Amino acid sequence: MKREILIKIFGVLFLVIGLFSLFHVPAEFTSFYIFMDGGNFHYAGFGFGSLMFAFIIFNAMAYFILASLGIPLGIGNFSLKKWGLNLSIATAKTVLMLGLALLTSFLFSFNLLHTLELHQTIIISTFLLLFLIALPCLLIKFYKDPNTKQLFKKSKVEGYFEKQSSEKLTVVLLNLFWASIFYLFLFFKGVFPLFGEFVVKRDGTYYLSIAIFVLLVLAYLFYKNRYYARYLMLGYYVILFIAFIPTFLKHNSNDFLNLLNLPVYEVEKVVPAFWIPIGMNLAFFSGSLIVIQMYLLFRTKNSNIKN
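Given the structure is predicted, the values throughout are model-derived calculations rather than measurements. Numbering of residues starts from 1 in each chain and follows the order in which that chain's sequence is written. For this predicted model, a pLDDT threshold of at least 70 governs which residues receive local features, and a threshold of 80 or more governs which side-chain atom pairs are given and counted, while totals over whole chains, interfaces and linings are taken from all residues. Hydrogens and water are ignored here; the side-chain numbers use all heavy atoms of the structure.

### As for the environment of Leu138
Thinking step 1. Residue placement: Leu138 occurs in helix H6 (residues 118–144).
Thinking step 2. Here the alpha-carbon distance between Leu138 and Ala92, two residues 46 residues apart in the chain, equals 9.0 Å. Strands are runs of DSSP state E lasting at least two residues, helices are runs of H or I lasting at least four, and both sets are numbered from the N terminus onward.

The structure is reproduced here in structure tokens:
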């Protein structure tokens, strides 16, 4: 009974987060008005391609993702549906994989670590370990516990989504994460890392469009158990790896920012506020995450396997 109550509390918490985020998706776009001409915080150069413009889009996307996951997670946990169990495990695994990639990136961001005080390094590392690694591990262990799994019931009419394994859903969620990143790049002047150089504006937008389209198609085919989808996806990851890593190793964050030709106000006031995320090693983040995804694909067969 205590375990069931705890799961329902999780469900209510997820649902509140999801509904709160759903409300803020359109509300976040009102931020544009305070930066536009005539707004209280308007500055020369604000618009498509500026850092604050992209940051507002990022916030709206973050709210949308939280709503898209929080609402079904809340419903699935509170109603104790089998698909809610699989989605909960897959979401926790996705957060864990992103946490491992972020921690790896942070520990290999030598330029950033050189500027941080020891206590700052410890605080950031502890935060990543606790909330993006330890917490997801605890949730995975909790949901995979036989006493927990037996509380989740199958629907009277079992749908296709309910039959999916958490491993497969994790791969799909990570693919959707990459699609979100590519979509966000559209607002950074369409920048696309390609074999050692950044392609921008119209050409970069074409590459991003192709990358998003192919990624979503492959994710759908993989979800539908097409036997060839896993191999095509592995090939896609290899292409991303050899396109991204040389670019991020050759060009640092300053090269990327100079490429964007940001307004003077953002260079002087906004960029310094984001000095920690800007200093993260993108080569190790993207590289480690792609390697993790390839490992998951090798482990995940194109069939419905048990959690």
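### Regarding the pattern of salt bridges
Thinking step 1. Between Lys or Arg on one side and Asp or Glu on the other, a salt bridge is scored when a side-chain nitrogen of the former is within 4 Å of a carboxyl oxygen of the latter. For the structure on display, the rule yields two salt bridges.
Thinking step 2. Salt-bridge contacts for Lys93 lead to Glu167; the nearest nitrogen and oxygen are separated by 3.3 Å. Taken together, the residues span a long stretch of sequence, with Lys93 in helix H4 (residues 82–107) and Glu167 in helix H8 (residues 166–185) at a distance of 74 residues.
Thinking step 3. Here's how the labels work: a residue is buried when its accessible area is under 20% of the maximum for its type, exposed when over 50%, partly exposed in between, all with a 1.4 Å probe on protein chains only. Glu167 sits in the buried class, given a relative accessible area of 12%.

### Some words on a nonpolar patch on the surface
Thinking step 1. A cluster of nonpolar residues, Phe195, Val238, Ile239, Phe241, Ile242 and Val291, forms a patch on the protein surface that exposes about 520 Å² of accessible area.
Thinking step 2. Looking at the nonpolar patch, the element that brings in the most residues is helix H10 (residues 229–250), giving four residues.
Thinking step 3. You can see Val291 is positioned in helix H14 (residues 282–299). Two distance rules govern patches: like charges are joined within 9 Å, and nonpolar side chains (Val, Leu, Ile, Met, Phe, Trp, Tyr) within 5 Å, applied only to residues with over 30% relative accessible area and no salt bridge. Computed by Shrake-Rupley with a 1.4 Å probe, the accessible areas treat only the displayed protein chains as cover when residues are assessed.

### A look at the confidence of the model for the protein chain
Thinking step 1. Of the residues in the protein chain, 95% have a pLDDT of 70 or more, and the chain-wide mean is 85.
Thinking step 2. Per residue, pLDDT measures the predictor's confidence, with a range of 0 to 100. Pairs of residues are marked as contacts when any of their non-hydrogen atoms sit within 4.5 Å. Throughout residues 302–307 the model reports pLDDT below 50, and contacts reaching past four residues in sequence, or to other chains, amount to 24 contacts.

### Let's talk about the packing of helix H1 (residues 2–28) against H6
Thinking step 1. Where H1 meets H6, the closest approach of the two axes is 12 Å, and the angle between their N-to-C directions is 130°. With respect to H6, the axis of H1 lies oblique. Considering the relative orientation of H1 and H6, their crossing is left-handed. Across from Arg3, Leu6, Ile7, Phe10 and Phe14 in H1, the residues of H6 making contact are Leu139, Phe142 and Tyr143.
Thinking step 2. Looking at the contact of H1 with H6 residue by residue, the classes come out as seven nonpolar, no polar and one charged. Axis definition: a line fitted to C-alpha atoms, over the contacting stretch in the case of helices. Angles run 0 to 180 degrees between N-to-C directions. Here is the rule for angles: anything less than 35 degrees is roughly parallel, anything more than 145 is roughly antiparallel, 65 through 115 is roughly perpendicular, and the remaining ranges are oblique. Should the near helix be turned counterclockwise from the far one by less than a right angle, the crossing is left-handed, whereas a clockwise turn marks it as right-handed. Ten residues, namely Ala, Val, Leu, Ile, Met, Phe, Trp, Tyr, Cys and Pro, are considered nonpolar, four, namely Asp, Glu, Lys and Arg, are considered charged, and the remaining ones, Gly among them, are considered polar.

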